[in-house]
Amino acid sequence: MAKYLVETYYTCSIKVSHYLDDISENTLKNLEKQEDGKLEILDTKLDSRKTKNLDKIEDSKINIIEDEKQNSNLNNSNNQAIKINENILGNVKENLGKRFSMPDRRKGYIQKASIGNHKVYLHTGEYEDGKIGEIFIDTSKEGELVKALMNNFAIAISLGLQYGVPLDEFVNAYVDTKFEPSGKVYGNDRILSATSILDYIFRELAISYLNREDLAHTPSIGSTDKSDEINTEENLDNQNQFLKLVKDITSKGFVRSDYKRKLVDLSDIRINLKGKK
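Residues numbered from 1 in each chain as written. Predicted model: local features only at pLDDT ≥ 70, side-chain atom pairs only at ≥ 80, totals over all residues. Heavy atoms only, no water.

Asks: Give me a nonpolar patch on the surface: which residues, what numbers.
Replies: A cluster of nonpolar side chains, namely Leu20, Ile23 and Leu28, defines an oily patch on the protein surface of about 290 Å² accessible area. Tracing the sequence through the fold places Leu20 in the loop between strand E1 (4–17) and helix H1 (25–29). When its relative accessible area of 30% is taken as the criterion, Leu20 is described as partly exposed. (Patch = residues over 30% accessible without salt bridge, like charges linked within 9 Å, V, L, I, M, F, W, Y side chains within 5 Å. Areas by Shrake-Rupley, 256 points an atom, 1.4 Å probe, with all protein chains shown as cover. Salt bridge = Lys/Arg side-chain N within 4 Å of Asp/Glu carboxyl O. Helix = DSSP H or I, 4+ residues; strand = E, 2+ residues; numbered from the N terminus. Buried < 20%, exposed > 50% of the residue type's maximum accessible area, 1.4 Å probe, protein only.)

Asks: A description of helix H7 (residues 197–210) should follow, citing residues and the corresponding values.
Replies: Given a rise of 1.5 Å per residue, 14 residues ought to cover 20 Å, and the 19 Å separating the end C-alpha atoms of H7 matches this to within 8%. The buried fraction of H7 amounts to 13 of the 14 residues, a majority that puts the element mostly inside the structure. Positive backbone phi, at 55°, marks Asn211, one or two positions downstream of H7. (Expected span 1.5 Å × (residues − 1).)

Asks: Outline the pattern of salt bridges, supporting the account with residue identities and numerical values.
Replies: Two side chains that carry opposite charge are able to pair once their charged atoms sit near each other. With the rule as written, the count across this model stands at 6 salt bridges. Measuring nitrogen to oxygen at the nearest pair gives 2.7 Å for the salt bridge that ties Arg106 to Glu134. Of the two residues, Arg106 is situated in the loop between helix H4 (76–95) and strand E3 (110–115) and Glu134 in strand E5 (residues 132–139); the sequence distance between them amounts to 28 residues. Arg106 gets classed as partly exposed once you look at its relative accessible area, which sits at 35%. On the basis of relative accessibility, which here comes to 9%, the residue Glu134 falls in the buried class. A salt bridge links Asp176 to Arg203, with the nearest nitrogen and oxygen atoms 3.0 Å apart. Of this pair, Asp176 sits in the loop between helix H6 (167–174) and strand E6 (183–186) while Arg203 is found in helix H7, placing the two residues 27 residues apart along the sequence. Given the relative accessible area of 48%, Asp176 is considered partly exposed.

Asks: Mind laying out unusual backbone geometry, listing which residues take part and the relevant values?
Replies: The linkage connecting Glu180 with the following residue, Pro181, adopts the cis geometry, with an omega of 0°. Its place among the elements puts Pro181 in the loop between H6 and E6. A positive phi angle, close to 75°, is found at Asp176, a residue other than glycine. In this structure, Asn211 is a non-glycine residue whose phi angle is positive, near 55°.

These figures capture arrangement, not role.
Dropping the structure here:
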């Protein structure tokens with residue numbers, strides 16, 4: 001039987017944090033050479049996936065080795081760049097499976113809702129780039145055992161998110177779970193009913209952070225403005241700069257990633273105040 005090799009290529013966006021005792025021009029110039037920085041993977045995207053026949057690879061190993069020797073002699077500068085990339089990838093591999101701690105001051109939102117006469121308060125915490133990193137669940141009319149279980153369940157979900165588990169996995173696992181309390185949902189404009197508290201919570205998170213409109217019971221409020229198509233390039237650049245500033249200070253989950261419809265640009269409005277004589 002033929003054997004095949006499957007290779008998966010990823011692109012990672014990485015953030016490196018250095019803690020310095022003092023700041024000077026020399027330290028900033030040589031900052032990239034320091035190896036004591038804290039490496040964090042912000043995002044990982046799947047680029048491509050390829051398959052290779054191992055039988056053909058084994059037959060052509062000799063030719064590949066000879067070609068590599070010739071290329072290494074001709075491209076010494078490229079080899080130095082490759083070594084730098086290998087060091088970066090080595091640091092990435094070492095940090096895989098590590099916990100990405102939340103910032104001390106973080107964004108998020110609180111959603112209050114009622115499911116079958118049971119009030120549920122969902123608190124979220126976000127990273128600097130808007131990704132969710134923690135949740136807290138508070139309930140009313142429940143005993144101490146249920147409250148403790150819900151609090152520890154929220155801690156387990158938060159730890160999973162901080163260790164790199166995608167929110168999609170939790171949504172697929174807990175949406176449509178069935179247990180009491182269940183029924184109509186009051187207080188949420190996008191969810192009208194839920195089969196359980198977990199079903200409601202992860203529907204809300206999927207709609208707010210993943211744009212999963214298929215899990216919502218009502219359409220999103222607002223419609224696209226036709227004036228956006230008429231805007232010039234300068235206006236679009238100004239809007240993009242404004243939205244970038246807003247994203248840095250606004251909770252992604254609170255506006256449900258819909259900044260243009262939920263926010264109003266007041267940068268062009270001038271107010272004249274005249275004092276009374």
